[in-house]
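Observations on the three-dimensional arrangement
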Amino acid sequence: MAEKVIRRQFRGCLKEDAREGMRLCMAAAEAEKEVRRLIQSGRLLTASVYYHGNMCFLYYEALEEGVSPADFLKPLEACLELWPEEGGKTCWAPMYSIYWHSVPQDADSWMESRKGKKNRIGRIAFLYPEKMFSYTYWHQAIVEEGLLKGDQYQFISLHENILFSYFEEPKNMVNITGMEKASEVIDKWLAVNPESHFDREKAGGSNFIIIEQLLSVAAGDD
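So, a few notes on the structure that sits alongside this text. (Residues numbered from 1 in each chain as written. Predicted model: local features only at pLDDT ≥ 70, side-chain atom pairs only at ≥ 80, totals over all residues. Heavy atoms only, no water.)

1. Overview of the nonpolar core
Quick note on the threshold: By nonpolar core is meant a set of buried Ala, Val, Leu, Ile, Met, Phe, Trp, Tyr and Cys residues that side-chain atoms within 4.5 Å join together. Exposure is judged per residue with a 1.4 Å probe applied to protein chains only, and the accessible area is read against the type maximum: over 50% gives exposed, under 20% gives buried, and values in between give partly exposed. Strands are runs of DSSP state E lasting at least two residues, helices are runs of H or I lasting at least four, and both sets are numbered from the N terminus onward. Working rule for contacts: check all heavy atoms of both residues, and any pair within 4.5 Å makes them a contact.
Judged by nonpolar contacts, the single largest core of 40 residues is most densely connected at Phe57, Ile124, Tyr135 and Leu163. It is helix 3 (residues 132-145) that contributes the most residues to this core, six residues altogether. If near-sequence neighbours (up to four positions away) are discounted, Ile124 is found in contact with His52, Met55, Phe57, Ile162, Leu163, Phe164, Asn207, Phe208, Ile209 and Ile211. If you look at the next biggest cluster of nonpolar residues, it comprises 29 residues, including Tyr51, Ala62, Leu73 and Val217.

2. Topic: the sheet that holds strand 7 (residues 96-100)
Consider a sheet: its strands pair through backbone hydrogen bonds, and that pairing is either parallel or antiparallel. Definition in use: For two strands to count as paired, DSSP must find a minimum of two bridges between them. The axes used here are C-alpha line fits, helices contributing only the stretch in contact, and every angle between their N-to-C directions lies in the interval 0 to 180 degrees.
Ordered by their spatial adjacency, five strands build an open sheet running 7-10-11-8-13, and the pairing between neighbours is antiparallel. Of all the strands in the sheet, just strand 7 and strand 13 (208-210) have a single pairing partner and so form its edges. Adjacent strand axes in the sheet meet at a mean angle of 25°, parallel and antiparallel pairs treated alike. Relative to strand 11 (residues 162-169), strand 8 (residues 119-126) runs antiparallel, the two being bridged by eight bridges. Residue pairing across strands places Arg120 opposite Glu168, the latter belonging to strand 11.

3. With respect to the packing of aromatic side chains
The cut-off we apply is this: Only Phe, Tyr and Trp rings are paired, with Trp represented by its six-membered ring, and only when their centres lie within 6.5 Å; those with planes under 30 degrees apart are stacked, over 60 edge-to-face, the remainder tilted. Criterion for a charge above a ring: Arg CZ or Lys NZ at most 6 Å from the ring centre, at most 35 degrees from the ring normal.
Evaluation of the coordinates by the stated rule reveals twelve aromatic pairs. Ring geometry for Trp110 and Tyr153: centres 4.8 Å apart, planes at 80°, overall edge-to-face. Here Trp110, found in helix 2 (residues 107-112), pairs with Tyr153, found in the loop between strand 9 (150-151) and strand 10 (155-159); they are 43 residues apart in sequence, far enough to count as distant. Taking the relative accessible area as the measure of exposure, Tyr153 reaches 0% and is therefore buried. By way of ring pairs, the aromatic residues Tyr59, Trp100, Phe155 and Tyr166 are connected into one cluster. In this structure, Arg114 packs its charged tip against the face of Tyr153, placed 4.2 Å from the ring centre.

4. With respect to the side chain of Asn175
Rule in force here: Any pair of nitrogen or oxygen atoms within 3.5 Å is treated as a polar contact; in protein, a donor-acceptor pairing is required on top of that, and neighbouring residues in sequence qualify only through side-chain atoms on both sides.
Positionally, Asn175 belongs in the loop between strand 12 (173-174) and helix 4 (185-191). Assessed through its relative accessible area of 8%, Asn175 is described here as buried. Within the structure, the side chain of Asn175 is placed 2.6 Å from the backbone nitrogen of Gly178, a separation counted as a polar contact. Those residues in contact with Asn175 that sit more than four places away from it in its chain are His101, Gly146, Leu147, Leu148 and Lys149.

Structure below.
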């Protein structure tokens, strides 16, 4: 597979009655079938949906620029509120990507490190609104420097003051440049007191909290 890998994250909002009975589970099972169909047709590599309270989060990797959540998550739409976006109302609000440790070059090399059992994990954090731009600035600076090592598949995006982080375990530790050199930017980030950016009360005493998985499928699972 020489295709380019496109990573995206979105946020949704569950309707109040969406989790009553088996409604949400049944919708997720139908959506999972659609994800598998797009994986088999070579349009997706993986897709995972997580939730916390009424908040829903989506991570996926596409092999075509035009692939959108509507292409494979139609069964979930009846469970979601609509977001007012610039282009109209939508079930899935795009999140703004701000942090990663690797840039996929092609699908073959990207999938190579995924061989074997992987746990695909979603977690969220709440930033104090006045600290959002500081967090974004420093994490973009770390990405631009490209020296700090972390999970190859980690991807963090922002919507409002909420961060959604996707990663996989066991972790494959890499950095963007491939160089074995210490990061200088991480020291500057640590100097501005990272803990002061997080509303830990909302996250139950932690910076990030792991959230429930609704569905998760990847090429090679079967």
